[in-house]
Each structure stands twice: as structure tokens, then as C-alpha cells.
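# Summary of the model geometry
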Amino acid sequence: MNKHIVLLPGDGIGPEVVAQALKVLRAVEKRFGLSFSTEEALMGGCAIDATGEPLPEATLEACKKADAVLLGAVGGPKWDNLPKRPEAGLLGIRKALGLFANLRPAVVFPELASLSCLKPELVEKGVDILVVRELTGGIYFGKPAGEELREGLRCGFNTMIYNEDEVRRIARVAFAAARGRKKRLCSVDKANVLEVSRLWRKVIVETHAEFPDVELSHMYVDNCAMQLIINPAQFDVIVTGNLFGDILSDEAAAVAGSLGMLPSASLSGTAAQGGTGLYEPIHGSAPDIAGQNKANPLATILSLAMMLRLSFAMNEAADAVEHAVREVLREGRRTGDIARAGLQGEIVGCSMMGDLVAAKI
Ligand code: NAD
């Protein structure tokens, strides 16, 4: 079973971190007797430089044919004032691949607990949350939206709308993810105020019938924002709409700590449905440290682990990658961004961090 992966290294630290994930992938091949073909394509500022477009047609075609895509990061000051910005490539690829589900784990590694913005006693119980955010619907895309004069006053308006199919498909992704974890799903809405949330809740409850082994709960978004801070250990998987998910996934990231540690996946369906997946660290291109071998590649390496698990159902290989990351952290090896967490070992560069993780596979 030869899986084909398109690599989109992008700009800034993107190429550095993707190169480390590739080392880890090659180590996974050796250890598990697997074989992956890979192909690099241009996206972002580098693609604008080469072709004038942030998402060239050739890249899009390659991604559509791939089994999965691994992205570094795009953007940087060089392209900030162009009419077509590198970030437009991100929106374009999400749309073209139909990536409606965004999965962001927020894990507090015990070795890095001091990076969390929360007190140690709140995180030492173990925080391992997966936020599943609907990515292509809701208020960011609902029509009508605009600005107009009403009774002589300028008014801005948007529409928060979900149809039942949009809710059902994100619910299935979230229930399926919960099934592979601690089997607890919390659906977050504002059903006490919003009609759109009442439909959301009804469809979530209906879909639960397909996943009776998963425990379902509901929480209002304002309460969830508070609970993430006062008792993050209570959560396993959270599923929510686009706007609430945008905010809560960033909040969960702050609970976890460093940007350099946080992976993500965007899917067009569950693995069982044969959906395509785009995997990327949540950080940007970090122009301030680009080309200096200082970037933390672990978010990208952990994104690769998500790919192995979610797109290829290679759970053993995914476990091995995550375990290797933990081992390296346990030994006290840190890139600069995570070094303040009680360093007992040494600060290593991006490339060395990749070598260390690959060696542990
Ligand atoms: P950023 O995430 O690139 O950087 C924020 C800070 O975190 C910087 O100090 C950076 O050095 C540090 N940092 C980020 N990732 C790190 C890593 N792996 N290791 C060590 N330190 C790391 O955010 P920004 O500065 O707001 O944006 C820079 C550029 O990236 C902008 O052009 C922005 O549009 C783009 N961006 C792209 C994506 C993406 O490709 N998905 C996401 C966010 C921002």
C-alpha cells in the first residue's frame, strides 16, 4: 500500500520544519516496512515568486491526487503588500479539497507543563484535548452578509447558518475521533440563544445514535471558554462551529503552551469515508527565526503523526512518532522556544531535533 504525500514546505521556517518531518517519515518506513512516495510543490510566497500565484494550478492538481498533504507555513513580510497574498493559498486549498473539519489537539506534555499559561495544579492532571472545528460554514460564509444604510445608519451584518448535512458530517468526524480516544464528546453551542445552535444540537443528538459507545455532553460556548481555563482536564473531544471553534481552539492552544508544539489536521471526511487530509503546524512562517536552524519542528512532526493516524489508519506508526517526541523531551532536549521549561538537557537546533526524533522511532 504505497501512499502518496504532497509536501508544501512554503515560506520562512516552513522548509526547515517539513524537512525534519520527512526524516521522521523515512524512519517510520524503515521501522514498519512501509513505503511512502513524496513530492514537493509550491505554495505561498515562494509560489508567488516562481509563478505569480500563491496556489498554482500544478500544486492544486498534485494535492487533489495525493493521499495526504503536509504543509509547513506560508507568508512573510516580503509578500505582505502584494494584491495576492501567500495566505490566499491556504483558503484556496481548503476550498478546493473540501476540508470542512479542522482538528486541533492541545496536549500538555508533562515535561513542558510550565509552558502552559495555567497554574501547574490545573494541568498536572493531564490535559489532552482535541478541538474539532467546522471550517467551511457558519457565520464566516453565511449569506446575506454586508454593510448597508438602514434608517440612515450604517449597519454591518453576517448570517450564522448551518444546514443539517453540514452539522452531521462534522459530527461524524468528531464522534469517530472520540471513538479512537477516551470516547467522550462535548458539543459546544449557544442553544439558549441561537436558533442555529438549536438545530446544531438536534443533529448532534441524532448522529449520536450512530456512535452509542461515545458519551455525549453539551456545553454553552461561554461556559466552555471558562471551563477550559478552570478545569481543562475534563475534556476529551470538543466539537463546535466555525466561529466558536476559531476562538476555543486558540484558547486551548494557550492552555497547552508553545506554538512550536501544536499540530493540526483539516479533513474532508473520516478515513473510513476516504477523505483527503491536509496536515500542518498551527504556527506561521516565523520570519524572525527563518533560516537560522532555531525553529521547533515538533508541531510539524506531530502533524505527521496525525496524518499516519487519521488518513492512513497507521495507529502503531503514529504512536511511535508521538512516543519518540515524548522520549526526546523526557531526555531534556529542547529547541529555544521551549527551553524555559526547566531545562535539564541541552538546547538543540531544528535539524538536530529532527535527527533525535527520527533516531527514536
Ligand atoms: P508565527 O506563528 O509565524 O510566529 C509567532 C512567534 O512564534 C514568532 O516569534 C516566532 O518566532 C515564534 N514561532 C512560531 N513558530 C515557531 C516554531 N516552530 N519554533 C519556534 N518559534 C516559533 O506568527 P506571525 O509572526 O504572526 O506570522 C508570521 C507570518 O506567518 C505571517 O506572514 C503570517 O501571515 C503567516 N502565518 C501563516 C500561517 C500558516 O501558514 N498556516 C499561520 C499563521 C501565520
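Procedures and definitions
- Residues numbered from 1 in each chain as written.
- Predicted model: local features only at pLDDT ≥ 70, side-chain atom pairs only at ≥ 80, totals over all residues.
- Heavy atoms only, no water.
- 1 Å grid on protein atoms, 1.4 Å probe; cavity = no way out; pocket = protein on both sides within 12 Å on 5 of 7 lines; lining within 4 Å.
- Points joined across faces, edges and corners; volume = space filled by probe spheres on them.
- Helix = DSSP H or I, 4+ residues; strand = E, 2+ residues; numbered from the N terminus.
- Nonpolar A, V, L, I, M, F, W, Y, C, P; charged D, E, K, R; others polar.
- Domains from an automatic or database assignment.
- Buried < 20%, exposed > 50% of the residue type's maximum accessible area, 1.4 Å probe, protein only.
- Pairing = 2+ DSSP bridges.
- Axes fitted to C-alpha atoms, helices over the stretch in contact; angles between N-to-C directions.
- Contact = heavy atoms within 4.5 Å.
- Near = heavy atom within 4 Å.
- Polar contact = N/O pair within 3.5 Å; in protein donor to acceptor, adjacent residues only side chain to side chain.
- Areas by Shrake-Rupley, 256 points an atom, 1.4 Å probe, with all protein chains shown as cover.
- Patch = residues over 30% accessible without salt bridge, like charges linked within 9 Å, V, L, I, M, F, W, Y side chains within 5 Å.
- Salt bridge = Lys/Arg side-chain N within 4 Å of Asp/Glu carboxyl O.

## So, the layout of surface pockets
Unoccupied space between atoms shows up once a probe the size of one water molecule is rolled over them. Approximately 830 Å³ is the volume found for the largest pocket. Ala177, Gly180, Arg181, Arg309 and Leu310 are the residues nearest the centre of the largest pocket, which is lined by 29 residues in total. Taken together, the elements giving at least two residues each to the lining of the largest pocket come down to strand E4 (101–107), strand E5 (128–134), helix H6 (164–179), strand E11 (263–267), helix H10 (298–310) and helix H11 (315–330). When the residues that make up the lining of the largest pocket are grouped by side-chain class, the tally is 19 nonpolar, 3 polar and 7 charged. When we break the lining of the largest pocket down by domain, the ones giving at least three residues each are domain 1 (1–102 + 262–361) and domain 2 (117–134 + 162–256).

## Quick look at the pairing of strand E10 (residues 237–240)
Residues of E10 alternate between two faces, with Val237 and Val239 on one and Ile238 and Thr240 on the opposite face, all of them buried. Where E5 and E10 come together, 4 bridges link them in parallel fashion. For Leu130, the partnering residue across the bridge sits in E10 and is Val237. Pairing analysis gives 4 bridges linking strand E8 (residues 184–189) to E10, with the strands arranged parallel. Bridged to Leu185 within E10 is Val237.

## Quick look at the sheet that holds strand E12 (residues 277–281)
Within the open sheet, the 10 strands sit side by side as E2-E1-E3-E12-E11-E4-E5-E10-E8-E9. Their pairing is mixed. Two strands in the sheet have a free side with no partner beyond their single neighbour: strand E2 (36–40) and strand E9 (215–220). Each adjacent strand pair in this sheet contributes to an overall mean axis angle of 20°, direction not counted. Of the strand pairs in this sheet, strand E1 (residues 3–10) and strand E3 (residues 68–73) are connected by 5 bridges, and their pairing is parallel. Counterpart to Leu7 in the pairing with E3 is Leu70. Contacts from helix H4 (residues 88–97) reach E1, E3 and E12, with the element oriented near 155° to E12. Sitting on the sheet, helix H8 (residues 221–230) touches E5, E8, E9 and E10, and the angle it makes with E9 is about 105°.

## What about the site of the ligand?
Near the ligand, the surroundings consist of 20 residues, among which Glu87, Gly284, Ala286, Asp288 and Asn296 are the closest. Take Gly76: an N or O atom from its main chain is 3.0 Å from an oxygen atom of the ligand. A distance of 3.4 Å is found between a nitrogen atom of the ligand and a side-chain nitrogen or oxygen belonging to Glu280. Alone, the ligand offers 810 Å² of accessible surface; in the complex the protein occludes 69% of this. Looking at side-chain class alone, the shell around the ligand contains 9 nonpolar, 7 polar and 4 charged residues.

## Considering a nonpolar patch on the surface
Residues Met226, Ile229 and Ile230 make up a contiguous nonpolar surface patch of roughly 260 Å² in combined accessible area. Within the element layout of this structure, Ile230 appears in helix H8. Looking at Ile230, the relative accessible area reads 47%, which means it is partly exposed.

## A look at unusual backbone geometry
The omega torsion of the bond from Lys143 to Pro144 falls at 5°, within 30 degrees of zero and hence cis. Its place among the elements puts Pro144 in the loop between E5 and strand E6 (146–150). Phi angles above zero are rare outside glycine, and Glu151 is one such case at about 50°. As for its position among the elements, Glu151 is in the loop between E6 and strand E7 (153–157). For Glu151, a relative accessible area of 84% puts it in the exposed group. Phi is positive for Lys183, close to 65°, though the residue is something other than glycine. Note on placement: Lys183 falls in the loop between H6 and E8.

It is worth stressing that arrangement in space is one thing and function is another; only the former is reported here.
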